[in-house]
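Residue-level structure breakdown
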Amino acid sequence: MIEMVSDRGGRAGFVYRSRHSAYKALRRQGASKSKAARISNAGRAFSGRSRMARKGWRTRRSRGR
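What comes next is a walk through the structure. Just so you know, these numbers come straight off a predicted model, no measurement behind them.

Reading the values: rules and limits
- Residues numbered from 1 in each chain as written.
- Predicted model: local features only at pLDDT ≥ 70, side-chain atom pairs only at ≥ 80, totals over all residues.
- Heavy atoms only, no water.
- Helix = DSSP H or I, 4+ residues; strand = E, 2+ residues; numbered from the N terminus.
- Contact = heavy atoms within 4.5 Å.
- Areas by Shrake-Rupley, 256 points an atom, 1.4 Å probe, with all protein chains shown as cover.
- Phe/Tyr/Trp six-rings, centres within 6.5 Å; stacked < 30°, edge-to-face > 60°.
- Core = buried A, V, L, I, M, F, W, Y, C linked by side-chain atoms within 4.5 Å.
- Buried < 20%, exposed > 50% of the residue type's maximum accessible area, 1.4 Å probe, protein only.
- Axes fitted to C-alpha atoms, helices over the stretch in contact; angles between N-to-C directions.
- Parallel < 35°, antiparallel > 145°, perpendicular 65-115°, else oblique.
- Left-handed = near helix turned anticlockwise from the far one by under 90°.
- Nonpolar A, V, L, I, M, F, W, Y, C, P; charged D, E, K, R; others polar.

**Digging into the overall build of the protein chain**
The secondary structure content of the protein chain amounts to three helices and zero strands. Along the protein chain, helices and strands appear, N-terminal first, in the series α-α-α. Long-range pairs, those at least 24 residues apart, make up 24% of the contacts in the protein chain with a sequence separation of at least 6. Accessible area of the protein chain: about 5,300 Å², with a carbon and sulfur share of 50%.

**With respect to the packing of aromatic side chains**
Under the criterion given, the structure shown has one aromatic pair. Their ring planes at 85° and their centres at 4.8 Å tell us that phenylalanine 14 and tyrosine 16 sit as a pair that is edge-to-face.

**Some thoughts on the nonpolar core**
Formed by Val15, Tyr23, Leu26, Ala31, Ala36 and Ala37, the largest nonpolar core amounts to six residues. Of all elements in the fold, only helix 1 (20–28) and helix 2 (33–42) reach the threshold of two or more residues within this core. Ignoring any residue separated from it by four or fewer positions in sequence, one finds alanine 36 in contact with Tyr23, Leu26, Arg27 and Ala31.

**Quick word on the packing of helix 1 against helix 2**
Here helix 1 crosses helix 2 at 140°, and the two axes come no closer than 9 Å. Relative to helix 2, the element helix 1 lies oblique. For the pair helix 1 and helix 2, the crossing hand works out as right-handed. Only Lys33, Ala36, Ala37, Ile39 and Ser40 of helix 2 make contact with helix 1, whose side of the interface consists of Ala22, Tyr23, Leu26 and Arg27. When its residues are assigned to classes, the contact of helix 1 with helix 2 shows six nonpolar, one polar and two charged.

**Focus on the environment of lysine 33**
Mapping lysine 33 onto the fold places it in helix 2. For lysine 33, a relative accessible area of 40% translates into the label partly exposed. Residues lysine 33 and glycine 13 lie 20 residues apart in sequence; the distance between their C-alpha atoms is 8.1 Å.

Here it is in structure tokens:
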């Protein structure tokens, strides 16, 4: 079964159509539907992706990865 989040909302929330590939990648990595939707939507613009990338880098650095 193919999981797809609605681009109009639904149980998992709203995901922009242009961000579905990011959503699917997060789901493959084991993120919950709501977490994947939240993260994929946050990176819609370049500034949002840059902010997310810096935040992820800080998290990985603090965990020693």
